[in-house]
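Geometric and topological summary
Single-letter residue listing:
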Amino acid sequence: MRERRETVTVADGGFDMDVWVPEAGRGPGLLLIQEIFGVGSYIRKVAEDLAGRGYVVGAPDLFWRLQRNWEAEHDQEGLAGSLQLVGRFDFETGVDDAEAALGVLSGLPEVAGGAGLLGFCLGGSLAYTLAARTRPAAVVSFYGSSVHDTLHLIDRIEAPVQFHYGGKDPYIPRDKAAEVERAAAGRDHLEVHVQEDAGHAFHNFEAPMFHHPEAAEAGWRLAMDFLARHLPVR
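Only a predicted model underlies this, so the values are computations on that prediction, with no experimental measurement involved.

The next thing to look at is the side chain of N204. For N204, the location among the structural elements is in the loop between strand 8 (190–195) and helix 6 (213–230). Taking the relative accessible area as the measure of exposure, N204 reaches 0% and is therefore buried. Polar side-chain contacts of N204 include one of 2.9 Å to the backbone nitrogen of E206.

Structure, rendered in structure tokens:
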């Protein structure tokens, strides 16, 4: 695969979006939306995984207004710094930036067959919110912490969406995930999966404090099957 850096231009400036192109040279697009640790080692390895499966992946630097190219360590110090940074993050402006990044990704010559969204934590919330204002081919939202507070948006979403939660997530209590389950019930384009024994950020294999190997494997398999159905690599 090949990696390069694109610039996403918005009204008040521009920011980086790293892009991974699969060996085939083209494929469906996936906007990979960061967690609070930034576009660091974990997001990059996920991007390489997805590109290895045939997707053109774009990972935008959404903290650029606060600190460009933020990459925190996946430890307690990195978590504390990331929480402090995200406390100053303007969510709606972040959605605007993610939408602009999706536009750039979708317009790349290597992208063929549509474009979707995949986000973790903060990115899971951004992906869900962006799905309510755009029409991506597919959306995967891992433990988006604001989804349950913005369920009024769900009626605006036409794209297929897959939500993931940990049943023992201290940041998103199980009853909040249940609210999403109830809101998605009866809607064929929405599905919710809860790994009951896992906590928050269970897929983050770079963060020992969060990673739950069994839940990560199960959740990722579900996500890849979902993308294969709704955003297939030809």
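Where helix 3 (residues 91–106) meets helix 4 (residues 122–131), the closest approach of the two axes is 10 Å, and the angle between their N-to-C directions is 70°. Considering the angle they form, helix 3 stands roughly perpendicular to helix 4. On the side of helix 3, the interface is formed by F91, G94, V95, A98, E99 and L102, while helix 4 contributes L122, S125, L126, T129 and L130. Class assignment for the residues of the contact of helix 3 with helix 4 results in seven nonpolar, three polar and one charged.

Our next topic: the layout of surface pockets. When its volume is computed, the largest pocket comes out at roughly 330 Å³. In this structure, the largest pocket is lined by 17 residues; those nearest its centre are I36, V86, C121, L122 and S145. Of all the secondary-structure elements, those providing two or more residues to the lining of the largest pocket are helix 2 (76–86) and helix 4. The leading source of residues in the lining of the largest pocket is helix 2, at three residues. Within the lining of the largest pocket, the residues separate by chemical class into 12 nonpolar, four polar and one charged.

The next thing to look at is the nonpolar core. In terms of nonpolar packing, the biggest core is built from 85 residues, with L32, L118 and F120 touching the most fellow members. Excluding residues that lie within four positions of it along the chain, L118 makes contacts with L30, L31, L32, I33, L50, V140, W220, M224 and L227.

What follows covers the environment of A112. Within the fold, A112 resides in strand 5 (residues 111–120). Classification of A112 by relative accessible area gives partly exposed; the value is 23%. Taking the C-alpha atoms as reference points, A112 and V56, 56 residues apart in sequence, are found 8.9 Å from one another. Beyond its immediate sequence surroundings of up to four residues, A112 is in contact with R26, G27 and P28.

For the rest of this paragraph, the subject is the sheet that holds strand 5. On the basis of which strands lie adjacent, the open sheet formed by eight strands has the order 1-2-4-3-5-6-7-8 and mixed pairing. The outermost strands of the open sheet, each flanked by one partner alone, are strand 1 (2–10) and strand 8. Taken over all neighbouring pairs, the strand axes of this sheet differ in orientation by 20° on average, direction set aside. The sheet contact formed by strand 5 and strand 6 (residues 139–142) spans four bridges and is parallel. The partner of L118 across the bridge, within strand 6, is V140. Most of the contacts of helix 5 (residues 174–184) go to strand 8, to which it runs at about 155°, and overall it touches strand 7 (161–166) and strand 8.

Thresholds applied
- Residues numbered from 1 in each chain as written.
- Predicted model: local features only at pLDDT ≥ 70, side-chain atom pairs only at ≥ 80, totals over all residues.
- Heavy atoms only, no water.
- Helix = DSSP H or I, 4+ residues; strand = E, 2+ residues; numbered from the N terminus.
- Buried < 20%, exposed > 50% of the residue type's maximum accessible area, 1.4 Å probe, protein only.
- Polar contact = N/O pair within 3.5 Å; in protein donor to acceptor, adjacent residues only side chain to side chain.
- Axes fitted to C-alpha atoms, helices over the stretch in contact; angles between N-to-C directions.
- Parallel < 35°, antiparallel > 145°, perpendicular 65-115°, else oblique.
- Contact = heavy atoms within 4.5 Å.
- Nonpolar A, V, L, I, M, F, W, Y, C, P; charged D, E, K, R; others polar.
- 1 Å grid on protein atoms, 1.4 Å probe; cavity = no way out; pocket = protein on both sides within 12 Å on 5 of 7 lines; lining within 4 Å.
- Points joined across faces, edges and corners; volume = space filled by probe spheres on them.
- Core = buried A, V, L, I, M, F, W, Y, C linked by side-chain atoms within 4.5 Å.
- Pairing = 2+ DSSP bridges.

Functional significance is not addressed by these values, which are geometric in nature.
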